[in-house]
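A closer look at the structure
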Amino acid sequence: MPLVPMRILLDHAAENGYGVAALNVNNMEQIQAIMMAAQETDSPVIVQASRGARKYSNDSYLRHLMLAAAELNPELPIAMHQDHGNSAETCLSAIEQNFTSVMMDGSLSADGKTPSTYEYNVEVTKQVVDAAHAVGVSVEGELGALGGIEDGHGAGLSEAEVQEHLTNPDQAEQFVAETGVDALAVAIGTSHGAYKFTHKPTGEVLKMDLIEEIHRRLPNTHLVMHGSSSVPQELQDIINKYGGSIKQTYGVPIEEIQRGIKHGVRKVNVDTDNRLAITGAIRKVFTETPEKFDPRDYLKPAREAMAEVCKARMVAFGQAGNAGKIKPRTCKEMVDFYAGK
Ligand code: G3H
Ligand code: 13P
Ligand code: ZN
């Protein structure tokens, strides 16, 4: 089947009370790992590419790799999503490249670093919603700012500073009404990257009660949790065992994500856990068999390690077993839906 709009996956997830992992990709092996996991678990798929990923992989390679994923897995609904679009131009160029969903992250200015004003956020997000919905493409917005920085993107807020940039529930209601986004990313104390929390997070730093409050006010809006890698201890240990240097850190516990899913979270962004899995697997091969130099000798275990993480998340978030139950719709078919016909 052709790539599907993200909205239909999130609607099905909401109707059936589960969440969908949104998994970042930069290359063929990562796309293959996700598809292996989805095939094995009968899961709907959200693949996402950041601006950095599009630059690294090149839009044409990415577009054709995603077409290959769809061709090889006709039974699985797959959405292709722009992660953290910094401007309307980025989102529109993603749509030209066959993306079926875009995130307009107007919580930051177009430099992708400076927290923006609410007014700017509404204006740029609404502009993207109008253009995207006209062609049936789904839109995610963001209100509040996350911590950390990834490949130049992010305000670089510390664990303490993120508490100053949490999503305001009043503003969230207003933002959704003013922009018409399909999904809303909320800031609840998480950060991008491996270094989210210095201790296992409590409700003081990971504000799951804020999710509950926002969901109460916006029961029909799909909520998105960014920075949702769990940074498992065993993945940190593998990297460190084989010569890496990851300082002790804590991510978002799976059970907290599951609590979010009970309260309106439908899209859960995970990138770091897959990066850790890939790096650990490659380090292991390099350390144990330093004589090897065929990239397949380390990329194959890396791909398998990432597939294991993806599978575990697909099961934990409840998307497993749902691919075959979703009635596919094309972006074209969504045009009438958005036009209210
Ligand atoms: O938003 C963060 C994602 O993990 C993507 O990271 O910008 O380094 O590709 P990136
Ligand atoms: P992690 O760094 O926690 O994997 O978050 C990824 C993310 O939010 C991508 O948008
Ligand atoms: Zn993110």
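Okay, so let's go over this structure. (Residues numbered from 1 in each chain as written. Chains lettered and ligands numbered in written order. Predicted model: local features only at pLDDT ≥ 70, side-chain atom pairs only at ≥ 80, totals over all residues. Heavy atoms only, no water.)

1. A look at the overall build of the protein chain
Just so we agree on the cut-off: Going along the chain from the N terminus, every DSSP run of H or I of four or more residues is numbered as a helix, and every run of E of two or more is numbered as a strand. The globule rule used here is 2.2 Å times the number of residues to the 0.38 power, and the radius of gyration it is set against is calculated over C-alpha atoms. Throughout, exposure labels follow a simple rule: accessible area from a 1.4 Å probe, protein chains only, divided by the maximum for the residue type, with under 20% read as buried, over 50% as exposed, and the rest as partly exposed.
Helices and strands together make up the secondary structure of the protein chain, namely 13 helices and 8 strands. Against the 2.2 N^0.38 benchmark of 20 Å for 341 residues, the protein chain shows a C-alpha radius of gyration of 19 Å, consistent with a compact globule. Principal-axis analysis of the C-alpha atoms places the extent of the protein chain at approximately 60 × 45 × 35 Å. Burial analysis of the protein chain (341 residues in total) assigns 56% to the buried set.

2. Some thoughts on the pattern of salt bridges
What counts, and what does not: By salt bridge we mean one thing: a side-chain nitrogen of Lys or Arg within 4 Å of a carboxyl oxygen of Asp or Glu.
Taken as a whole and judged by the stated rule, the model has 19 salt bridges. A salt bridge links Glu255 to Lys200, with the nearest nitrogen and oxygen atoms 3.8 Å apart. With a gap of 55 residues between them, Glu255 in helix 10 (residues 254–262) and Lys200 in the loop between strand 6 (183–186) and helix 8 (208–217) connect regions that are remote in the sequence. Assessed through its relative accessible area of 55%, Lys200 is described here as exposed. With its nearest N and O atoms 3.3 Å apart, the salt bridge here joins Glu288 to Lys284. Of this pair, Glu288 and Lys284 are both found in helix 11 (residues 272–288), 4 residues apart, which corresponds to roughly one turn of the helix. Residue classification places Glu288 among the partly exposed positions, given a relative accessible area of 46%. What you see here is one network of salt bridges that share partners, running through Asp170, Glu173, Glu213, Arg216 and Arg217.

3. Quick notes on the environment of Ala305
Condition: Should any heavy atoms of two residues lie within 4.5 Å, those residues are counted as being in contact.
Relative to the helices and strands, Ala305 is located in helix 12 (residues 295–317). For the pair Ala305 and Tyr338, spaced 33 residues apart in sequence, the C-alpha separation works out to 40 Å. Sequence-distant contacts of Ala305, that is, excluding residues within four places in its chain, are made with Ala277 and Ala281.

4. Concerning the coordination of the zinc ion (ligand 3)
This is how it is decided: Water is not part of the atom set, so a site may look incomplete; the donors themselves are N, O and S atoms within 2.8 Å of the metal, or 3.2 Å for Na, K and Ca.
Here the zinc ion (ligand 3) is held by the protein donor atoms His84 (NE2), His192 (NE2) and His226 (ND1), which lie 2.0 to 2.1 Å from it. Residue classification places His226 among the buried positions, given a relative accessible area of 1%.

5. Examining the pairing of strand 7 (residues 222–225)
Worth spelling out the cut-off: We call two strands paired when DSSP finds no fewer than two bridges between them. Look down the strands so they point away from you; if going from the first strand over the helix to the second traces a clockwise path, that crossover is right-handed.
By the alternation rule, side chains of strand 7 split into His222 and Val224 and Leu223 and Met225, which are all buried. Pairing between strand 6 and strand 7: 4 bridges, direction parallel. By the bridge assignment, Ala183 is partnered in strand 7 with His222. Handedness of the β-α-β unit built from strand 6, helix 8 and strand 7 comes out right-handed. One ladder, built from 3 bridges, connects strand 7 with strand 8 (residues 265–270); its direction is parallel. Its bridge partner being in strand 8, Val224 is matched across the sheet by Lys267.

6. Overview of the nonpolar core
For clarity, the threshold we go by: In these notes, a set of buried Ala, Val, Leu, Ile, Met, Phe, Trp, Tyr and Cys residues joined through side-chain atoms within 4.5 Å is what counts as a nonpolar core.
If you look at the biggest cluster of nonpolar residues, it comprises 71 residues, and the most contacted ones within it are Ile34, Ile78 and Leu184. The residues touching Ile34, leaving out its near neighbours within four places in the chain, are Leu23, Val25, Val45, Val47, Met306, Cys310 and Met314.

7. Quick word on the site of ligand 2
Put simply, the rule is: Here, proximity means that at least one heavy atom of the residue falls within 4 Å of the molecule or strand. Identification of polar contacts relies on pairs of N or O atoms within 3.5 Å, with a donor-acceptor requirement for protein atoms, meaning one able to donate a hydrogen and the other able to accept it, and with residues adjacent in sequence counted only if both atoms are side-chain atoms. Method for areas: the Shrake-Rupley scheme with a 1.4 Å probe, in which residue coverage is limited to the protein chains shown. Classification convention: Asp, Glu, Lys, Arg as charged; Ala, Val, Leu, Ile, Met, Phe, Trp, Tyr, Cys, Pro as nonpolar; all other residues, Gly among them, as polar.
Taken together, 15 residues lie around ligand 2, and Asp83, Lys196, Ser229, Asp271 and Thr272 are the ones closest in. Residue His84 places a side-chain N or O atom 3.2 Å away from an oxygen atom belonging to ligand 2. Within the backbone of Gly227, a nitrogen or oxygen atom sits 2.8 Å from an oxygen atom of ligand 2. Burial of ligand 2 by the protein amounts to 98% of the accessible area it has alone, namely 310 Å². Of all elements in the fold, only strand 3 (78–85) and strand 8 reach the threshold of two or more residues within the shell around ligand 2. Of the residues that constitute the shell around ligand 2, the class distribution is 1 nonpolar, 11 polar and 3 charged.

8. A word on the packing of helix 5 (residues 88–96) against helix 6 (residues 118–133)
Stated formally: Axis definition: a line fitted to C-alpha atoms, over the contacting stretch in the case of helices. Angles run 0 to 180 degrees between N-to-C directions. Small angles under 35 degrees read as roughly parallel and large ones over 145 as roughly antiparallel, with 65 to 115 read as roughly perpendicular and the rest as oblique. Crossing handedness follows the turn of the near helix against the far one: under a right angle anticlockwise gives a left-handed crossing, and clockwise gives a right-handed one.
Put simply, helix 5 and helix 6 touch, their axes get as near as 10 Å, and they point 20° apart. As judged from the angle between their axes, helix 5 and helix 6 are roughly parallel. Here helix 5 and helix 6 pass one another in a crossing that is right-handed. Every residue of helix 6 that contacts helix 5 at Ala88, Cys91, Leu92 and Ile95 is listed here: Val124, Gln127, Val128, Ala131 and Ala132.

9. Observations concerning the pairing of strand 3
The buried count for strand 3 comes to 8 of 8 residues, which makes it a mostly enclosed element. Of the pairings in the sheet, the one linking strand 2 (residues 45–49) to strand 3 comprises 5 bridges and is parallel in character. Residue pairing in the sheet places Gln48 in a bridge with His81 of strand 3. Judged from the 3 bridges that link them, strand 3 and strand 4 (residues 101–104) form a sheet pairing that is parallel. Paired with Gly85 across the bridge in strand 4 is Met104. Read from strand 3 through helix 5 to strand 4, the crossover connection turns out right-handed.

10. Some details on the sheet that holds strand 3
A barrel is described by the order of its strands in space; here 8 strands give the closed sequence 1-2-3-4-5-6-7-8, paired in parallel fashion. Taken over all neighbouring pairs, the strand axes of this sheet differ in orientation by 25° on average, direction set aside. On top of the sheet, helix 1 (residues 6–16) reaches strand 1 (20–24), strand 2, strand 3, strand 4, strand 5 (138–143), strand 6, strand 7 and strand 8; it is set at about 120° to strand 8, its chief contact. Running over the sheet, helix 6 touches strand 4 and strand 5 and is turned about 175° from strand 5.

The analysis is restricted to geometry; functional conclusions fall outside its scope.
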